[in-house]
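One letter stands for each residue in the lines below.
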Amino acid sequence: MNFRFAPRWSALCLIAGLAGPVAAQAADDPLAAARAEFAAALAAADTAAPDSPDSPDSPDSPDSERLRAYPLHPYLLAARLRSRLARLDGADSSTDAAIAAFLVAQGDAPVGRDLRRAWLASLAERRQWSTFVAELPPTLAASDATLRCQQFAARIALAQTEGLAPLVIAQWQAADKSLPACDTAFEWARGKGVLTPALIEARSRLLASNGYGALAVVVAKPLTTDARAPIVQWAALIDQPQAAIEALIADPTKPVERAALLDGWQRYARKNPDGAAARFAQLCAARGLDAAAASPFAKAVGLGLSWSRQPAALDWFARTQAADVDVIAAEWWARAAMWNGDWPQVTRAIALLPEASRSEQRWRYWSARAAAASGDVSAKPQLAALASEDGWYPALAAAQAGMPYAPHPQALPADEALLARLDGLPGMIRARELLRVDLRSAAIAEFNLVYDSLDAASLPQAVILPMRWGWHDFAVGTATRQKVFRDYALLYPRPYDASVKAGATLSGLPASLIYGVLRQESLYRADAVSRANAYGLLQMLLETATRTARKWQRPVPNREALFDPDTNVPLGAAHLRDLIDRFKGQTPVAIAGYNAGPNAAARWLPAQPLPADIWIENIPFNETRNYVQRVLWHSLVFAWLAADGRPQPVEPWLAPLAPLAGLANLVPEP
């Protein structure tokens, strides 16, 4: 998942205790009053005018004794200093001195990390280079290319350039994308003559190999025409692969580097596999490619055709020599073979995978499926062994055996005395309070600082603690770090039962399915915002939510309303019901449409009925394939928990999926 989150909520929301499960606080909460005072003061730090009595410019803050004793008071001081910093224009020795003093006082505590970065950025922008050099920790310079490049600029401005050239050259050689902060250092290096043509050419090629064709041409500009020509051609193969490939076919005498040609061909085959297949023989003839040299080009066509689920993919994979069959090619060769019902070829493709891949649940399942299809008696014990494990593929194995499936829970015992001790650690108290005032990134830093100091016996309890705080997304992530996967009662909480029940009542969908989507979409984050601006627990686009609300005669939401579970979840459930209905009850296709859009899911449907496991395995987007598998698995776990551990039917997971009529009537994508 890749989320950003709603901006820090208003002081009114913070004072009220926030929304969602994290807000649940005991009536005797001893920090409640101080927390509310902190929230108001934090908001004032962002909004106070410079001449206000509560201005962060005031050297003596008007904080009460209660607020000064509150565990997060240093975060308020840091916020006030950031506010002062944001208004600076040029030198300001008093602000810089105040920040320096604060950072010294806090040492390496998380409260100073964001302030330090903001201060360093401000110092660089204001060209306060002496202070910048003095205050930049070596660890930050080593881990952050932007800060490292700003350090170079500072040293140049301060005429501290002895020994700088090798550092700049090392950065030049590592810069595999645009790095504006380094422009000053790179220009200095050019002026000193240390960026040799060989270094310029090497970086240009590095940029081209990473797909930055236009930037590669810019960097190569100082080279001679002859040295620059291959890079310009590579950029053309990146930016307009089809046209560049056709030009190279039309003029066999035109020189081209093999790496650039293959790069452009791969891009061409990915965008237009049919066109690449039609041009393959011409390319081989024009470029003198024998069977060995043509093999990686054939593989690219096979991949492109397999992503389009075309039977011809198998012929192209067959032209690929074993040395060129990497993991991706072998996996898609197997998928293309199962799509076309060629089970012996599934077995051959899986055999080309490395042992580590073959031992994964995915390929153990498909090996057993291929064995069963060929009548191999080893298939049944293979499926039985897999069904004794947990996950999507073990559940499929149980379905193949025609039996219901139950997860195999392994509880993480709670050590209440140890949990109480951990909960009382200052860092954990700060983490919990930061969570309650919606400063989650700071909460993560505080928690992780404590986590990294824990002994082996305490680490597993660090999964339970944030879950009890209602910090579900972080708790699940911590469980992954601890390889705790099977305490389902702990890792599959149901904090939004009222909203999910309302969604189930409205849509007629099982609550377990709604919770499965919710867990996968947002991992219980009511304030989640995706890169595509989908909001809330079920990640609703505003346009989709508006259309769904009108259809289902619900109040039309605005953006903020979609952060309310009571609005978001029923609308998301109704939208999923719409997709299920439009795909004629084919739930896996609807789930894929929920993630990738209904038009994409429709394009992926087979021409003839196909078992659902094969269809899901051949979803061309890795994200969507994993999404469908995880939603179905999550929904099974939620149903199993709701049924008090009774095995769940999984045979429907194998039901054939079929093409549909009237796909033009699908919900339009925004």
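Read on for a plain summary of the structure. Just so we're clear, the structure is a prediction, and the values are computed from it rather than from any experiment.

Quick word on the nonpolar core
In step 1: Ranked by size, the top nonpolar core spans 210 residues in total, and within it Phe38, Trp265 and Trp615 carry the most contacts.
In step 2: With 10 residues, helix H39 (residues 622-642) is the largest single contributor of residues to this core.
In step 3: Leave out the neighbours within four places in its chain, and Phe38 touches Leu67, Tyr70, Leu72, Tyr75, Leu76, Val437 and Leu439.

Section: the packing of aromatic side chains
In step 1: If you walk through the whole model with that rule in mind, you get 28 aromatic pairs.
In step 2: Relative to Tyr268, the ring of Trp265 has its centre 5.6 Å away and its plane inclined at 90 degrees; by these criteria the two rings are edge-to-face. Taken together, the residues span about one helical turn, with Trp265 and Tyr268 both in helix H16 (residues 258-271) at a distance of 3 residues. Here the two residues Trp265 and Tyr268 agree in accessibility, since each one is buried.
In step 3: Ring geometry for Phe447 and Tyr451: centres 6.4 Å apart, planes at 25 degrees, overall stacked. Taken together, the positions of Phe447 and Tyr451, both in helix H28 (residues 440-451) and 4 residues apart, correspond to about one turn of that helix.
In step 4: On the basis of relative accessibility, which here comes to 7%, the residue Tyr451 falls in the buried class.
In step 5: Aromatic rings pair up to connect Tyr405, Tyr488, Tyr492, Tyr515, Trp633, Phe638 and Trp640 into one cluster.
In step 6: Across from the ring centre of Trp332, 4.6 Å away, lies the NZ or CZ of Arg335, which sits over that ring.
In step 7: Note that Arg519 overlies the ring of Tyr492, its terminal NZ or CZ placed 4.0 Å from the centroid.

Section: the environment of Leu425
In step 1: Here Leu425 lies in the loop between helix H26 (416-423) and helix H27 (426-436).
In step 2: Each C-alpha atom, one on Leu425 and one on Val450, is 8.3 Å from the other, the two residues being 25 residues apart in sequence.

Rules used throughout
Residues numbered from 1 in each chain as written. Predicted model: local features only at pLDDT ≥ 70, side-chain atom pairs only at ≥ 80, totals over all residues. Heavy atoms only, no water. Core = buried A, V, L, I, M, F, W, Y, C linked by side-chain atoms within 4.5 Å. Buried < 20%, exposed > 50% of the residue type's maximum accessible area, 1.4 Å probe, protein only. Helix = DSSP H or I, 4+ residues; strand = E, 2+ residues; numbered from the N terminus. Contact = heavy atoms within 4.5 Å. Phe/Tyr/Trp six-rings, centres within 6.5 Å; stacked < 30°, edge-to-face > 60°. Lys NZ or Arg CZ within 6 Å of the ring centre and 35° of its normal.

The analysis is restricted to geometry; functional conclusions fall outside its scope.
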